[in-house]
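The lines below spell out each chain.
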Amino acid sequence: MDGLAELRAKYLEQIAAAPDADALEAVRLAGLGKKGEISGRMRELGRMTPEERKTAGPALNALKDEIDAALRARKAALEDAALDARLAQEWLDITLPPRPRPQGSVHPVAQVMEEMAAIFADMGFAVAEGPQVETDWHNFDALNIAPEHPARQEHDTFFMHREPGDNRPPHVLRTHTSPVQIRAMQVQGAPIRVIAPGRVYRMDMDQTHTPMFHQIEGLAIDRAITMANLKWVLEEFFTAYFGTPVRTRFRASHFPFTEPSAEVDIQCSWVNGQLRVGEGEDWMEVLGSGMVHSHVLRSAGIDPDQWQGFAFGMGIDRMAMLKYGIPDLRAFFESDLRWLRHYGFGALQAPSLHAG
Ligand code: PHE
């Protein structure tokens, strides 16, 4: 049969050039449709001799199959292209800004300091601060700690290095928050009601001691403040802090900067090896306190014949351990992320008077 090669070339070219499904369908109809060119050739087979048909038939069939396959392939390619074009156009941004995930946590010591500040603020105490590198005068002399007092000895106190000939006053890492009493009274005079939470340093390291730890100082000076006010303030504080009524026990003691002095215990019990505050028959020592010594008032420029008051100093770290059931003090300062995540507080867990 003549002209099959031309026919083939023509249709393959048109198929390849068809820009869309409609054009392709037109090509199909022109070739393979009922009245199409290739279908017409098929009908001509009937008029051929059997001999002619033997060669023309398979050639025409092969052409028909090839064109048919080319049409399908082109159709699929056009559909893919159309889909790609649609996908490129009709897209929807389904991403959302991620929910903010809390990063980091508030350390229990910071949380407890805030809780304590909130409770004392409610009783009229302002927060005072002082330097951690302190003069030995503020840390010792002004607090009536004589030069030969054991607290000054090298094994307790970190002394700042001094070059020979350096005539600045000797400095130490403060060994307690009591020097802030002096600074606050120097600045503010009397009457005064302050607390001073912060870091303190002592050369000590074992299961229950770290060379840096935290204290909170309390100071109230007015005309007629007595130990009874101290006891009320402390019981009020412990009750608010632990969220349960807590009794205190005062035991006579000695501090150079208070007279009289008392160590204060809080009521507690041990149940199945677990400590509970505010119940039971046991007592646990938690702070030192007393009436501010006249020498201390005088060093800070306050007339002890006009003014008197109480002071106390309490360890913060152990108070955090007691309230939040944290077993090991040293872990406080190891910066272990797992520990911080477990015991840390969220930024929005703001302490209130009823924080629990
Ligand atoms: N500064 C004392 C200490 O670190 C505690 C204290 C403070 C005692 C105020 C009495 C008054 O142990």
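First, a word on scope: everything that follows refers to the structure included in this document. The structure displayed is predicted, hence computed values, not measured ones. (Residues numbered from 1 in each chain as written. Predicted model: local features only at pLDDT ≥ 70, side-chain atom pairs only at ≥ 80, totals over all residues. Heavy atoms only, no water.)

It is worth spelling out the pairing of strand 6 (residues 248-255) at this point. For strand 6 and strand 7 (residues 258-271), the ladder comprises seven bridges, and the chain directions are antiparallel. Bridge pairing links T248 to I266 in strand 7. Between strand 6 and strand 7, which follow one another and run antiparallel, lie two residues. (Pairing = 2+ DSSP bridges. Helix = DSSP H or I, 4+ residues; strand = E, 2+ residues; numbered from the N terminus.)

Lining the immediate surroundings of the ligand are 14 residues, of which H176, S178, R202, Q215 and G313 lie closest. S178 is positioned with one of its side-chain polar atoms (N or O) 3.0 Å from a nitrogen atom of the ligand. Within the contact set of the ligand, an oxygen atom lies 2.9 Å away from a side-chain nitrogen or oxygen of Q215. Elements supplying a minimum of two residues to the shell around the ligand: strand 5 (212-222), strand 9 (282-292) and strand 10 (308-315). Tallying contributions element by element places strand 10 first for the shell around the ligand, with three residues. (Near = heavy atom within 4 Å. Polar contact = N/O pair within 3.5 Å; in protein donor to acceptor, adjacent residues only side chain to side chain.)

Residues of helix 7 (residues 179-188) that are buried: P179, V180, Q181, I182, A184 and M185. At the exit of helix 7 stands G189, carrying a positive phi of roughly 65 degrees. (Buried < 20%, exposed > 50% of the residue type's maximum accessible area, 1.4 Å probe, protein only.)

It is worth stressing that arrangement in space is one thing and function is another; only the former is reported here.
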